[in-house]
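Inside the fold
What follows is each chain in one-letter form.
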Amino acid sequence: MTAAPSPAPSHRVHPRDALFGAGEIAPSLPVCDHYCGVELRMRKSLALQGELGPCFDITLDAEDGAPVGGELDHIALIAELVNSPANRHRRVGARVQAVDHPMFEAMVDALVRDAGARLAYVMLPKPRGLADLQRGVEAIDAAALRHGITRQIPVHALVETHGALREVQALAAHPRIESLSFGLMDFVSEHRGAIPQGAMGVKGQFEHPLVVRAKLEIAAACHGWGKTPSHCVVTEFKHKSALEAAATRACRELGYTRMWSIHPDQIRPIVEAFSPTVAEVDHAVEILMAAQAADWAPIRHLHAGLDTLHDRASYRYFWHVLERAHRTSVAGGEQLPGEVRRAFFAS
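Parameters and conventions
Residues numbered from 1 in each chain as written. Predicted model: local features only at pLDDT ≥ 70, side-chain atom pairs only at ≥ 80, totals over all residues. Heavy atoms only, no water. Helix = DSSP H or I, 4+ residues; strand = E, 2+ residues; numbered from the N terminus. Rg over C-alpha atoms; globule rule 2.2 N^0.38 Å. Buried < 20%, exposed > 50% of the residue type's maximum accessible area, 1.4 Å probe, protein only. Contact = heavy atoms within 4.5 Å. Areas by Shrake-Rupley, 256 points an atom, 1.4 Å probe, with all protein chains shown as cover. Lys, Arg positive; Asp, Glu negative; His and termini not counted. Charge placed at Lys NZ, Arg CZ, Asp CG, Glu CD. Pairing = 2+ DSSP bridges. Axes fitted to C-alpha atoms, helices over the stretch in contact; angles between N-to-C directions. Phe/Tyr/Trp six-rings, centres within 6.5 Å; stacked < 30°, edge-to-face > 60°. Parallel < 35°, antiparallel > 145°, perpendicular 65-115°, else oblique. Left-handed = near helix turned anticlockwise from the far one by under 90°. Nonpolar A, V, L, I, M, F, W, Y, C, P; charged D, E, K, R; others polar. 1 Å grid on protein atoms, 1.4 Å probe; cavity = no way out; pocket = protein on both sides within 12 Å on 5 of 7 lines; lining within 4 Å. Points joined across faces, edges and corners; volume = space filled by probe spheres on them.

The name recorded for the chain in an unreviewed UniProt entry is Aldolase/citrate lyase family protein, from Leptothrix discophora.

Further remarks concern the overall build of the chain. Counting its secondary structure elements, the chain contains 14 helices and 10 strands. Expected size for 347 residues packed as a compact globule is a radius of gyration near 20 Å; at 21 Å, the chain falls within 12% of this value. In terms of principal-axis extent, the alpha carbons of the chain reach across some 65 × 45 × 35 Å. The burial tally for the chain puts 53% of its 347 residues in the buried class. In the chain, once contacts between residues fewer than 6 apart in sequence are set aside, the share between residues at least 24 apart is 72%. Approximately 15,400 Å² of the chain is accessible, and the part contributed by carbon and sulfur atoms is 55%. Side chains of the chain carry 36 positive and 40 negative charges; the gap between the two charge centres is 2 Å.

Looking at where Val234 falls in the secondary structure, it is placed in the loop between strand S7 (228-231) and helix H10 (240-252). Taking the relative accessible area as the measure of exposure, Val234 reaches 1% and is therefore buried. When neighbours within four sequence positions are excluded, Val234 is seen to be in contact with Val202, Gln205, Leu243, Ala246, Met259, Ile262 and Gln266.

Looking now at the sheet that holds strand S3 (residues 92-95). Spatially, the eight strands close up into a barrel ordered S1-S2-S3-S4-S5-S6-S7-S8, and their pairing is parallel. Going across the sheet, the axis of each strand differs from the next one's by a mean of 30°, ignoring polarity.

A separate point is the packing of aromatic side chains. Summed over all chains, the structure comprises six aromatic pairs. Look at Phe182 and Phe187: their rings are 5.3 Å apart centre to centre, the planes differ by 65°, and that puts the pair in the edge-to-face class. Both residues of the pair, Phe182 and Phe187, count as buried. Arranged with centres 5.7 Å apart and planes meeting at 65°, the rings of Trp296 and Tyr315 form a pair that is edge-to-face. Of this pair, Trp296 sits in the loop between helix H12 (278-293) and strand S9 (299-303) while Tyr315 sits in helix H13 (residues 312-327), and the two are 19 residues apart along the sequence.

A word on the packing of helix H2 (residues 39-52) against helix H3 (residues 71-83). With their axes 11 Å apart at the nearest point, H2 and H3 run at an angle of 15° to one another. Relative to H3, the element H2 lies roughly parallel. For H2 against H3, the interelement crossing comes out right-handed. On H3, the residues that touch Glu39, Met42, Arg43 and Leu46 of H2 are His74, Leu77, Ile78, Glu80 and Leu81. Here the contact of H2 with H3 is built from residues that sort into five nonpolar, one polar and three charged.

What follows covers the layout of surface pockets. In this model, the largest pocket occupies a volume close to 700 Å³. Along its surface, the largest pocket is lined by 27 residues, and His223, Thr257, His320, Arg324 and Arg327 are the ones closest to its centre. Tallying contributions element by element places H13 first for the lining of the largest pocket, with eight residues. A breakdown of the residues in the lining of the largest pocket according to their chemical character gives 12 nonpolar, seven polar and eight charged. Along its surface, the second largest pocket is lined by 28 residues, and Tyr35, Asp61, Asp64, Arg95 and Ile262 are the ones closest to its centre. Contributing elements (two or more residues each) for the lining of the second largest pocket: strand S1 (32-36), H2 and helix H8 (184-189). Here the residues of the lining of the second largest pocket are counted per class, giving 13 nonpolar, six polar and nine charged.

Structure, rendered in structure tokens:
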């Protein structure tokens, strides 16, 4: 049995350095991605993020949120909010129109010109495959070059067409992609009535084989290429217990590490569902502290009456548990003990 020691001195090798090679660490994105496109709701969402901390992202929506003919005015509003003091944590992105929309390039140009320095990411909807994704990335990069934005703006994309699902491995492999999201509504509609409406609901989306297959292929592709899979919406936003059950299944059964919210009341339940339990956090802390004290050599550890062996393979798993606990900590209600935060997450 190895007892958990006190937090290791700062000269000890950090888990990220001991357990992962170059390029092996995937982006640590917040577990909730909150979408809003109406000005009042966008401002309220920024205020809520300021209150809770960066445990969720905000995607300001210029696809469904922009009025027809008013796309550039809506982009100007989004840029204003991204640049405002309300964006305290720099975790605000934007969704633009699809690449074949007549306003796509103008929207991207204005967004990058006015907010490219602080934009967390650009979400590209409805790519029909790798070619559409590449076209979108090229437009973003060309706008950045034109306007002197030296940083590479992260790109997210929605998998909601047959072509995108066919090429999901190539989408996930693209070096500019940070996250892929599943677009449930459009995906079901793409089947021209062959998938019943019930598959859009909180229950049916976990039962219909074609929908479950799509979810699994997206999650597997993302994990295979070190990207973040983001689960689709639950439209029954007033049904809290159903949302909690859906978020738990997405996280625990389907391998998703992020999920969409479309109403502020969904944010906390999603964050909580994607959080590790207290028992999981305590176990991970014990293992990692003991491993670090052993300079990451194998250890024996007694847990739940079982004498178990652990090495770098399981250390990596437990490190991901701690990272998820850190990402899902709401301001003032951190999941990790203060000494663990200082030892592992001080920077």
